[in-house]
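# Overview (structure and organization)
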Amino acid sequence: MQPTRAAAVSGTFYPDKCKKLEIYFQKFTDLIDKETKEKPIFKVTPRAIIAPHAGYIYSGFTANIAYTILSNNPVKRVIVIGPSHHHYFEGVSGSYFESYETPCGDIDIDTTYLIDLAKRFKIGFEPEAHRREHSTEVQMPLIRHYLPKAEVIELIYGQTSPDKIAKIITYLLKDRENAIVISTDLSHFHSQEKARTLDMICLDAISSLDSKKLDQGCEACGMIGVNAMIEAATAAGLKSQLIDYRTSADYSGDSSSVVGYTSAVFY
């Protein structure tokens, strides 16, 4: 068991100083308009969320609004599930470390729970998959901020089936002390108009809990995780609601080549 999963994208995807991170989170929260805050969805107790994983300047607001709602559920542990971007492997890899580094302090990893999970679902360990993976890492400072007492587990998937991930999520949902974060961005490097067309397919699948709609053109990089979450949510009798959608053009002003981001809650 290695001591700490060192932060790999701190200072690039998000600030590497705690004070700067706190300023980001406060600014994101201040940007949530009064009308949005008064919506019933802000009162629910989510079992899971979908959140994006780009740099905070692009997708931080979209992620922050989902974590604001997730904080209604003071769970014991948060399981973050994301795709591998830098290392090819088959199956699922777990975070066999004692803690996870963030600028505002390390988060304990629930290794006992992970080991049990690994035995049940044949979860292995691919060190290279964890060394630089941002899809899961960018979620950790948000968890540290909004659920400071929670422990975490990082699950990174490579080449695998949505069914395998769905079985893991279904098992996790049986324990009320668990919350799940599915990490994904949407379409990449299309025009704003094309991106919205493709992304609406993803959003429709999530909001209607119909995974078959994903095959109609959704280009989410975390498609396997989204598909699995929809299947598990359906089996568990959960509802879903979209929280936010935007593209990188909302920050950069460049609509010629954008990346799409969304967040959603399952409750």
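The structure under discussion appears in the preceding block.
What counts, and at which threshold
Residues numbered from 1 in each chain as written. Predicted model: local features only at pLDDT ≥ 70, side-chain atom pairs only at ≥ 80, totals over all residues. Heavy atoms only, no water. Helix = DSSP H or I, 4+ residues; strand = E, 2+ residues; numbered from the N terminus. Buried < 20%, exposed > 50% of the residue type's maximum accessible area, 1.4 Å probe, protein only. Contact = heavy atoms within 4.5 Å. Lys, Arg positive; Asp, Glu negative; His and termini not counted. Charge placed at Lys NZ, Arg CZ, Asp CG, Glu CD. Pairing = 2+ DSSP bridges. Polar contact = N/O pair within 3.5 Å; in protein donor to acceptor, adjacent residues only side chain to side chain. Expected span 1.5 Å × (residues − 1). Arc of directions from axis to C-beta.

## Notes on the overall build of the protein chain
- Helices and strands together make up the secondary structure of the protein chain, namely eleven helices and eleven strands.
- Out of the 267 residues belonging to the protein chain, those deemed buried represent 54%.
- Nonlocal contacts in the protein chain, meaning residues at least 24 apart in sequence, comprise 81% of its contacts between residues at least 6 apart.
- Placing the 29 positive and 33 negative side-chain charges of the protein chain at their respective mean positions leaves the two points 5 Å apart.

## A closer look at the side chain of Asp244
- Looking at the secondary structure, you find Asp244 in strand 10 (residues 240-247).
- Owing to a relative accessible area of 12%, Asp244 belongs among the buried residues under this scheme.
- Each residue touching Asp244, except ones within four places of it in the same chain, is listed here: Phe61, Thr62, Ile65, Tyr261, Thr262 and Ser263.

## Considerations on the sheet that holds strand 6 (residues 107-108)
- With respect to topology, three strands assemble into an open sheet ordered 1-5-6, the strand pairing being mixed. The strands lining the two open edges of the sheet, one partner per strand, are strand 1 (2-5) and strand 6.
- Relative to strand 5 (residues 97-100), strand 1 runs parallel, the two sharing three bridges. When the bridges of strand 5 are listed, Gln2 appears paired with Phe97.

## A word on the pairing of strand 7 (residues 151-157)
- Counting buried residues along strand 7, six of its seven residues qualify, which places the element largely inside the surrounding structure.
- As defined by bridge partners, strand 3 (residues 77-83) adjoins strand 7 across seven bridges and the pair is classed as parallel. If you follow Arg77 over to strand 7, its bridge partner there is Glu151.
- Relative to strand 7, strand 4 (residues 92-94) runs antiparallel, the two sharing three bridges. For Gly94, the partnering residue across the bridge sits in strand 7 and is Leu155.

## Quick notes on the environment of Thr29
- Topologically, Thr29 is positioned in helix 1 (residues 18-30).
- Placed 199 residues apart in sequence, Thr29 and Ala228 show a C-alpha to C-alpha distance of 29 Å.
- A distance of 3.2 Å separates polar atoms of two side chains, one belonging to Thr29 and the other to Tyr146.

## Some details on helix 1
- Over its 13 residues, helix 1 runs 18 Å from end to end, which matches the ideal 18 Å to within 8%, given 1.5 Å per residue.
- The set of residues buried in helix 1 consists of Leu21, Phe25 and Phe28. All buried residues of helix 1 fall inside an arc of 65 degrees around its axis, so they share one side. Exposed residues pointing more than 90 degrees away from the buried face of helix 1 are listed as Lys19, Lys27 and Asp30.

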